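For reference, the chains in residue letters:
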Amino acid sequence: MLPCMTSEPEQQIGVGTQDAFQRLWTPHRMAYIQGENKPTGPGAGDGCPFCSIPAKSDEDGLIVRRGEHVYAVLNLYPYNGGHLMTVPYRHVADYTDLTGPETAELAELTKQAMTALRTASGAHGFNIGMNQGTVAGAGIAAHLHQHIVPRWGGDTNFMPVVGHTKVLPQLLADTRKMLAEAWPA
């Protein structure tokens, strides 16, 4: 057997008192925790990721669908696999500031996202909503975005509650491709 290959789990010194728990390391979450890619201010030119995403290719920006006023994009830090957001191109913070066409397209892309998620992944239900303002939980309060989170019977388990970890079974690029192909015409 090669020296680096063992049948025993690797013991890591300095991780605390040994216990019965296994560790699922999710270092990619540190970017979110530390506020990476968060805007530096409220303006469109203050590093708003929702303003810069549309300039990227669909694959690089994880964009699933582009409309005239609104686009649908995968969440980089999803609650569930397939977690999408519908986002107006225009840098606007409050739902009441949307124009009529923006409001209509936001609603239409949300309906289409639900259809695509049902087709591609058999979603049983959805959590849909937006957090208006930092005090209401908006991670990026300066640019309105609506969440579409697919749900399945039994999709809640001990990992988020006990382990503060969400297990996602598919890479975001693969999820984007699957949903783009399932998007209704």
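Residues numbered from 1 in each chain as written. Predicted model: local features only at pLDDT ≥ 70, side-chain atom pairs only at ≥ 80, totals over all residues. Heavy atoms only, no water.

Points about helix α4 (residues 100-121)
Since the α-helix advances by 3.6 residues per turn, residues separated by three or four positions end up pointing in the same direction.
Link 1 in the chain: Compared with an ideal rise of 1.5 Å per residue, which puts 22 residues at 32 Å, α4 spans 31 Å between its outermost C-alpha atoms and is within 8% of the ideal.
Link 2 in the chain: Check the buried side of α4 and you find it contacts β1 (63-66), β2 (70-74), β3 (84-88), β4 (125-129), β5 (146-151) and α6 (172-182).
Link 3 in the chain: Looking one or two residues past α4, Gly122 carries a phi angle of roughly 65 degrees, positive in sign. (Helix = DSSP H or I, 4+ residues; strand = E, 2+ residues; numbered from the N terminus. Expected span 1.5 Å × (residues − 1). Contact = heavy atoms within 4.5 Å.)

Quick notes on the UniProt feature "binding site: substrate" (unreviewed entry) in the protein chain
Link 1 in the chain: On the UniProt side, "binding site: substrate" (unreviewed entry) is annotated at positions that read Asn75 and His147 here. Considering the C-alpha atoms alone, the annotated residues occupy 73 residues of sequence yet fold into one spot, their largest mutual distance being 8.4 Å.
Link 2 in the chain: Not counting the four nearest positions on each side in its chain, Asn75 is found in contact with His83, Leu84, Met85, His147 and Leu172.
Link 3 in the chain: A polar contact of 2.7 Å, which involves the side chain of Asn75, links it to the backbone nitrogen of Tyr77.
Link 4 in the chain: Considering the arrangement of structural elements, one finds His147 in strand β5.
Link 5 in the chain: His147 has contacts with Asn75, His83, Leu84, Met85, Asn127, Ile128 and Gly129, leaving out every residue within four places of it along the chain.
Link 6 in the chain: There is a polar contact of 2.8 Å between the side chain of His147 and the side chain of His83. (UniProt positions renumbered as here; feature names shortened; annotations may be inferred. Polar contact = N/O pair within 3.5 Å; in protein donor to acceptor, adjacent residues only side chain to side chain.)

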